[in-house]
Amino acid sequence: MLKNDISTLAVDHCIFSIIDKAVVEENGPRIVASGSGLTITDGAERSYTDMVGGYTRPNSLGYGNEEIARAYYDQACKMHYAGTVDIVTGPMVELAQTLTELTPGALSRAFFTSGGSEAVESAIKIAKHYQQGSGRKPHAYKIISRWNAYHGATAGAMSLTNHLTVAQSPDPRLPGVSFIPNPQCYRNPFGMSEDDYFTFCADYLEQQILHEGPELVAAFIGEPIMQANGAQIPSKAYWQRVRDICTKYGVLLIMDEVICGFGRTGTWFAAEHFGIEPDILTMAKAMTAGYAPMGAAMTTPEIADAIPHFRHVHTYSGHAASAAAALATIAIKKRGGLIEKALDNGVYFQSELKAALGDNPVVGQIRGLGHWHAIDFTSDRATKALPNPEMVSAIVNGIKQRGILVGAAGTSMEVAPALIATREDFDRTVSATVEAIEDAAARFGLATAA
Ligand SMILES: Cc1ncc(COP(=O)(O)O)c(C=O)c1O
């Protein structure tokens, strides 16, 4: 097949996600040919350093990892998949036990899925089954989510989603979902200080539960660190107050760690940063470092045991070869101390970014943890005015022209590499970012000298 044919065939035969078809038709799809370590090579044989973790962030161990591929292969040769319901395999059970050690608190019962959206669907069902079936809240069906949340694209998960164009899919959605303000860093719609806004957002949850009727509210769901507008890290006080409010009203706390889990923020799970224990935790993406589709919803024995018959199934729940890939992924991260290293790298990268860009007039805030960082842009630091979205795109493209892939996330650009990224990779990213910001700001008529 000729290289050019791939673009034409893709446009003729593929459906593209959350992007206007006209844009793909005009620019062509992005063709990826191969990868090794952090290097990704495109259809025109240009190579880039992937500092964004495979676009949607699952890539936590780089490309071409033979150990994970072999673990999948060996298990697939022996027993790839035999069914679900009450059928188990060794890797699936070992993974459930391993996750019990890695996840916070009393979480020790896993329901496996093929990805993040299914994990969220399963969490919703666990919450409703528990509340209704156990008789604690026989009529509870409501779920509270947050502005700008992303929880997935399937009907239930999408109903809890308020970010990306999947949120504008045709109605109707799941009944009983409401949204409250999210603890957004740097700027918020009320012009409050960051700490005041975090307090306001937590207090709002209590008011929303009272407004909806506590006996009808089954669960509250949140990403510990949200992605919308780039790595939104709330205060410890925010999550601790949310935990207290959920406990007070018997509302289950679902932490959606699909993007944060398995080391992205420098801990196995981001809940650890906030010192809280969710009732249900969802995971996917970096669980297998992106080598095999897999996710899970974990809960406590108290909740799982109160559900005598879980009326829910996914064909690939507990897929044996995917479970083997997940176990290999976890083993590599443990053996190399990669999670601890990610935490240190994050501190280093933050300090380098702040030294290079802290006074830059188009940079509003630099924040991040582990291997997940955002630079939030502004067109006026005094007023925190929104940046021109075209300037953010120009910066991301400018960095790409310098051989490094980062991501645009609304008002921010994100850097979220696999855990194998080195200090040198971070240093190169700082230099390319400084140059790209200078170029783009000049193009948009904004000075970069303080
Ligand atoms: C926090 C969160 N939850 C759920 C999902 C959905 O996961 P998937 O795309 O694997 O269905 C995502 C995906 O980006 C996510 O970031």
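**What to know about the domain arrangement of the protein**
Thought 1: Each assigned domain of the protein is listed with its residue range as follows: domain 1 (31-64 + 337-443) and domain 2 (67-335).
Thought 2: For domain 1 and domain 2, the distance between their C-alpha centres works out to 26 Å.
Thought 3: Facing 30 residues of domain 1, the contacting portion of domain 2 comprises 26 residues.
Thought 4: Looking at the side of domain 1 that touches domain 2, its residues break down into 12 nonpolar, 13 polar and 5 charged.

**Here we look at helix 13 (residues 389-401)**
Thought 1: For helix 13, spanning 13 residues, the distance from its first C-alpha to its last is 18 Å, which sits close to the expected 18 Å at 1.5 Å a residue.
Thought 2: Val392, Ile395, Val396 and Ile399 are the residues of helix 13 that are buried. End-on view of helix 13: buried residues confined to an arc of 95°, all on one side of the axis. Exposed residues lying more than 90 degrees from the buried face of helix 13 are Glu390 and Gln401.
Thought 3: Elements that come into contact with the buried residues of helix 13 comprise strand 12 (372-377), strand 13 (404-405), strand 14 (407-409), strand 15 (412-415) and helix 14 (423-443).

**Side note on the sheet that holds strand 14**
Thought 1: Spatially, the 4 strands line up as an open sheet ordered 11-12-15-14, and their pairing is antiparallel. Of all the strands in the sheet, the pair left with one neighbour each is strand 11 (363-369) and strand 14. For this sheet, the mean inter-axis angle between neighbouring strands, taken without regard to orientation, is 25°.
Thought 2: Here 4 bridges tie strand 12 to strand 15, and the two strands are oriented antiparallel to one another. Pairing of alanine 374 across the sheet is with glutamate 414, part of strand 15.

**A few points about the packing of helix 4 (residues 90-102) against helix 11 (residues 320-335)**
In a pair of packed helices, the angle between the axes and the distance between the axes together describe the arrangement.
Thought 1: Taken N-terminus to C-terminus, the directions of helix 4 and helix 11 make an angle of 40°; their axes are 8 Å apart at the nearest point. With respect to each other, helix 4 and helix 11 are oriented oblique. For the pair helix 4 and helix 11, the sense of crossing is left-handed. Listed contacts from helix 11 to Pro91, Met92, Glu94, Leu95 and Thr98 of helix 4 are Ala320, Ala323, Ala324, Ala326, Leu327 and Ile330.
Thought 2: Residue composition of the contact of helix 4 with helix 11, by class: 9 nonpolar, 1 polar and 1 charged.

**Remarks on the environment of alanine 228**
Thought 1: Here alanine 228 lies in the loop between strand 7 (217-222) and helix 8 (236-249).
Thought 2: Spatially, the C-alpha atom of alanine 228 lies 8.9 Å from that of serine 412, the residues being 184 residues apart in sequence.
Thought 3: Ignoring any residue separated from it by four or fewer positions in sequence, one finds alanine 228 in contact with Asn148, Tyr150, His163 and Gly410.

**Re the sheet that holds strand 3 (residues 47-50)**
Thought 1: The strand order across the open sheet formed by 4 strands is 1-2-3-13, and the pairing between neighbours is mixed. Each edge of the open sheet is held by one strand with a lone partner, namely strand 1 (32-36) and strand 13.
Thought 2: When strand 3 meets strand 13, the two strands line up parallel, connected through 2 bridges. Bridge pairing in strand 13 places threonine 49 opposite isoleucine 404.

**Structural notes on unusual backbone geometry**
Thought 1: Residues aspartate 171 and proline 172 are joined by a peptide bond in cis, for which omega reads 5°.
Thought 2: The residue proline 172 is located in the loop between helix 6 (155-159) and strand 6 (177-180) in this model.
Thought 3: Positive phi is not limited to glycine here, since arginine 57 has a value of about 80°.
Thought 4: Turning to its location among the elements, arginine 57 is positioned in the loop between strand 3 and helix 3 (66-79).

**A word on the site of the ligand**
Thought 1: Gly115, Gly116, Ser117, Gly152 and Val258 are the nearest of the 14 residues found near the ligand.
Thought 2: When residues in the shell around the ligand are grouped by element, the largest group, 3 residues, is from helix 5 (residues 116-133).
Thought 3: The residue inventory of the shell around the ligand, partitioned by class, reads 5 nonpolar, 7 polar and 2 charged.

**Thoughts on the pairing of strand 5 (residues 142-146)**
Thought 1: Taking burial as the measure, the 5 residues of strand 5 include 5 buried ones, the bulk of the element.
Thought 2: Because side chains alternate across strand 5, one face comprises the buried residues Lys142, Ile144 and Arg146, and the other comprises Ile143 and Ser145, equally buried.
Thought 3: For strand 5 and strand 7, the ladder comprises 3 bridges, and the chain directions are parallel. Bridge pairing in strand 7 links lysine 142 to valine 217.
Thought 4: As defined by bridge partners, strand 5 adjoins strand 6 across 4 bridges and the pair is classed as parallel. If you follow isoleucine 144 over to strand 6, its bridge partner there is serine 178.

Procedures and definitions
Residues numbered from 1 in each chain as written. Predicted model: local features only at pLDDT ≥ 70, side-chain atom pairs only at ≥ 80, totals over all residues. Domains from an automatic or database assignment. Contact = placed C-beta atoms within 7 Å. Nonpolar A, V, L, I, M, F, W, Y, C, P; charged D, E, K, R; others polar. Helix = DSSP H or I, 4+ residues; strand = E, 2+ residues; numbered from the N terminus. Expected span 1.5 Å × (residues − 1). Buried ≥ 20, exposed ≤ 12 C-beta atoms within 10 Å, placed from the backbone. Arc of directions from axis to C-beta. Pairing = 2+ DSSP bridges. Axes fitted to C-alpha atoms, helices over the stretch in contact; angles between N-to-C directions. Parallel < 35°, antiparallel > 145°, perpendicular 65-115°, else oblique. Left-handed = near helix turned anticlockwise from the far one by under 90°. Near = placed C-beta within 6 Å.

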